[in-house]
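An overview of the molecular structure
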Amino acid sequence: MAVLQTIRKRSGLLLLAIGFALLAFVVQDLFTKGFKSQSKDVGSINGKDISFDQFRIKVANAEKSGQNGQPMTQIQAANQMWDQEVAVALISEQFEKAGIRTSENNIIEIFKKDPNIGQNPAFLNQLGKFDLAKFKEYFKNNPEQAKAFEDRQTDAEINAKYQVYSSMIKAGLYATNADGKFKYKLEADKINFDYVSVLYSTIKDSDVKVTDADILDYIKKNEKKFKAEETREIEYVLIEDKPSASDETEMKSKINSLLSGSVVYNKETGVNDTIPSFKTANNIAEFIAENSDKAYDSTYIAKQDLPAEHADKLFALPDGEIYGPYINGKYYCLSKVMGRKAGAKTKASHILISWEGTKVPNKKEKRTKEQAKAKADILLAQALASPGSFMMLALTNSDDSSAQQGGDLGYFAPGQMVKPFNDFAFNNPVGKIGLVETEFGYHIINITDKQDAIRLATVAQKIEPSETTTNELYTKATKFEMDANNNKDFAAVAKAAKLTINPVVKAKAMEEAFGTTGNQRQIIKWAFTSNTNVGDLKRFEVVNVGNVIARLKKINEKGLMTVEDAKPSVEGIIKNKKKAAKIIAKMKGASLEVIAKANATTVQNAPAASVENSVLANVGAEPKVVGAAFGTPANKVSAPVEGNSGVYVVKAKAVTKAAKLPKYDDYISKIKSANAQAAGRVFPALKNDAKIDDNRLEFY
């Protein structure tokens, strides 16, 4: 009671102390964050804010649905949704500027193209056609479905507007008869010219020096090509949480004990239980369930699918015999042969001849079923007469994507192919060639190999670090962290601890992949935190990986690409430029013969080059050189031309003008086809000029 009274008397002081503690916590937090309040928006595009509350719902939905049947991480979903938000915002601005509006009919046409809607039986009439009245009635009677459908309506509206916008762009890029004529002349006008070339490869790379200043100067002159996002360079040491040699020995001993029976005390019954050995166990599936970290697999396995290091011994093992213990990946294993099966897998090649109406997307030609059968019969006869030609017949005739591999389908198990194909492949011997019909078309099949298989019962126990090992590794990691913090020489501390510094990870703000450790978002986010400075380091405990001690090595601000990053793509260009200067200094003379002699080379001839076909024999494409030939007066020696492969001087001999055509429709079509791709170049151009603020790092 006395204690309670004392507390009551001093409650005011206690509250005051708590108040000061809380104030100190808040003040510290303010200083840590630099008085920066977290934004409520995930970003903005040209001044239009993107609400985080709405964005996170879209991210969550994308994460749940995945992509192409594959799971998606939160960061992947956030990146995908951000790209979508940017695209929609920028394109929608253009819709407004162009005054593009959509009607109900536009949106309905978009829906009809979606198989889930346009071919949905609930929305079709008796003739199998899309019925707008039934479509509207369905959502009228299902208000919950109608609400869920609102986002799809918004997407359809944007899609409809984009189609109008795209059509406007295509309409603005028309091609006239004059354009077609010009295109024709670029292809058909030919020039015969002589030239002397001195290739860049004739000068050693060591004879020209490219400095960082040269690369920086090149970057600055070509800024648009070398824009770079903000990045962080992180070096790290990984102390893996892996079993020690003693852990492996203990696990080997444990799995070895399964080869002989044992007696184990049962806590539930209070008596000893006799456990049979792996060899004598009556119920092998139950034995594996009780003693293995992997479930029992009763399927037959071909030799090529067994662990490569142990395949020969496992496959040669007699029925009922046991192989092991052996290591397979991170497991110690014992395997017992439970049976064999001949011809468990078949290898075959085929030639597919489809017809209109089959489920084949890229048919080589249109044909009826009767025409397909006639062609298949001819190909079958050719294959039977000359089995060695099967690969070429498949390459030139098959409608299947396997045509590029000569029709080879590899090995497959029963049930992997449609039934008629499966039955032929597994009911006939190697070398048999025949014809079957499936829903995809007519198949000329050549059975090229068969494989036997075995059924194994495998006990697999994971080799994991013991508690002692884990504690030792943790101690080693924390000691390294403290030593590196005190010493500041990361490399020296790593060397003293006999640890390897992994290759530097260059990360962008919204990435998560981190070197050999997989996705480690927390490390990259730490590197981008405002109070993490160059030289700072931190230890991260990563589940199933170990301890990562990361050090922020460098901060690359947004703007121009660094010299180091640009070097691989720029150094060769600058080298050739410097080599060109050396070559040009020697390419002097009144004639090609004089220039050739001075450079220890010969005069060569291009008999019929054109602007559209500027390939020179044994060199490759040289458009600048061919252009110079067309632009140089006949029998005059040009100035040196810096080409792709070297420096050239040319002398035009004769130009053959293309004959006039009555019309240039084919060439107009080529231009229109190229123009049709123009809409796809709009978004990158809009993004390049947009003001985009990305705050995602604050939230993810």
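Every value quoted in this text rests on a predicted model; they were computed, and no experiment measured them. (Residues numbered from 1 in each chain as written. Predicted model: local features only at pLDDT ≥ 70, side-chain atom pairs only at ≥ 80, totals over all residues. Heavy atoms only, no water.)

Across its full length, the chain holds 25 helices and 23 strands. Against the 2.2 N^0.38 benchmark of 27 Å for 700 residues, the chain shows a C-alpha radius of gyration of 36 Å, more extended than a compact globule. Classification of the 700 residues of the chain by burial places 35% in the buried group. Put simply, 67% of the contacts in the chain that link residues at least 6 apart link residues at least 24 apart. A total accessible area of about 41,800 Å² is found for the chain, and carbon and sulfur atoms account for 52% of it. (Helix = DSSP H or I, 4+ residues; strand = E, 2+ residues; numbered from the N terminus. Rg over C-alpha atoms; globule rule 2.2 N^0.38 Å. Buried < 20%, exposed > 50% of the residue type's maximum accessible area, 1.4 Å probe, protein only. Contact = heavy atoms within 4.5 Å. Areas by Shrake-Rupley, 256 points an atom, 1.4 Å probe, with all protein chains shown as cover.)

This paragraph deals with the side chain of Asp399. Residue position: Asp399 is located in the loop between helix 16 (390-397) and strand 11 (408-412). What makes Asp399 buried here is its relative accessible area of 6%. Separated by 2.9 Å, the side chain of Asp399 and the backbone nitrogen of Lys364 make a polar contact. Here Asp399 is in contact with Leu352, Ile353, Ser354, Val360, Asn362, Lys363, Lys364 and Arg367, once residues within four sequence places are set aside. (Polar contact = N/O pair within 3.5 Å; in protein donor to acceptor, adjacent residues only side chain to side chain.)

What follows deals with the environment of Asn635. Within the secondary structure, Asn635 is located in the loop between helix 23 (623-631) and strand 21 (641-642). The exposure class of Asn635 is exposed, given its relative accessible area of 57%. Separated by 17 residues in sequence, Asn635 and Ala652 place their C-alpha atoms 5.7 Å apart. Once you skip the residues sitting within four places of it in the chain, Asn635 turns out to touch Lys651 and Ala652.

The next point concerns the sheet that holds strand 14 (residues 501-508). In space, the four strands of this open sheet follow the order 14-5-16-15, with antiparallel pairing throughout. Edge positions in the sheet fall to strand 14 and strand 15 (537-542), since each of these pairs with one other strand and no more. Across the sheet, the mean angle from the axis of one strand to that of its neighbour is 30 degrees, orientation sign disregarded. Across 10 bridges, the pairing between strand 5 (residues 231-240) and strand 16 (residues 546-556) is antiparallel. If you follow Ile239 over to strand 16, its bridge partner there is Asn547. Packed onto the sheet, helix 18 (residues 467-487) meets strand 5, strand 15 and strand 16 and runs at close to 165 degrees relative to strand 15. (Pairing = 2+ DSSP bridges. Axes fitted to C-alpha atoms, helices over the stretch in contact; angles between N-to-C directions.)

The geometry of an aromatic ring pair comes down to the distance between the two centres and the angle between the two planes. Enumeration over the complete set of coordinates arrives at 25 aromatic pairs. Ring plane angle 15 degrees and centroid distance 4.1 Å describe the contact between Phe52 and Phe699, whose orientation is recorded as stacked. Placement of Phe52 in helix 3 (residues 52-65) and of Phe699 in the segment after strand 23 (692-694) is noted, with a sequence separation of 647 residues between them. Here Phe52 and Phe699 have matching classes, each one buried. Centre to centre, the rings of Phe135 and Phe139 are 5.2 Å apart; their planes meet at 75 degrees, and the pair counts as edge-to-face. Here Phe139 and Phe135 lie together in helix 7 (residues 132-141), a separation of four residues that amounts to about one turn. Site record: aromatic cluster; members linked through ring pairs are Phe111, Phe123, Phe130, Phe135, Tyr138 and Phe139. Against the face of Tyr331 rests Lys294, its NZ or CZ located 4.4 Å from the ring centre. (Phe/Tyr/Trp six-rings, centres within 6.5 Å; stacked < 30°, edge-to-face > 60°. Lys NZ or Arg CZ within 6 Å of the ring centre and 35° of its normal.)

Let's shift gears to the pairing of strand 22 (residues 646-656). Two strands pair when backbone bridges link them, and strand 3 (residues 190-199) and strand 22 are joined in this way by 10 bridges, in the antiparallel orientation. By the bridge assignment for strand 22, Lys190 is matched with Thr656. Strand direction decides the pairing type here: strand 21 and strand 22, joined by two bridges, are antiparallel. What sits directly across from Glu642, in strand 22, is Val647. Once strand 21 ends, the chain turns through three residues before running back antiparallel as strand 22.

The next subject is the confidence of the model for the chain. The pLDDT averaged across the chain works out to 89; a share of 94% of its residues lies at or above 70. Every residue in residues 1-37 is under pLDDT 50, and counting partners more than four places away or in other chains gives three contacts. (pLDDT = per-residue confidence, 0-100.)

With antiparallel pairing, the four strands of this open sheet are ordered in space as 18-3-22-21. On the outer flanks of this sheet lie strand 18 (604-609) and strand 21, each paired with one strand and no other.

Moving on: the packing of helix 15 (residues 369-385) against helix 16. Axis separation between helix 15 and helix 16 bottoms out at 10 Å; the angle between their running directions is 155 degrees. Taken together, helix 15 and helix 16 sit at an angle that is classed as roughly antiparallel. As helix 15 runs across helix 16, the sense of the crossing is right-handed. Contacts from Lys375, Leu379, Gln382 and Ala383 in helix 15 reach Phe390, Leu393 and Asn397 in helix 16. (Parallel < 35°, antiparallel > 145°, perpendicular 65-115°, else oblique. Left-handed = near helix turned anticlockwise from the far one by under 90°.)

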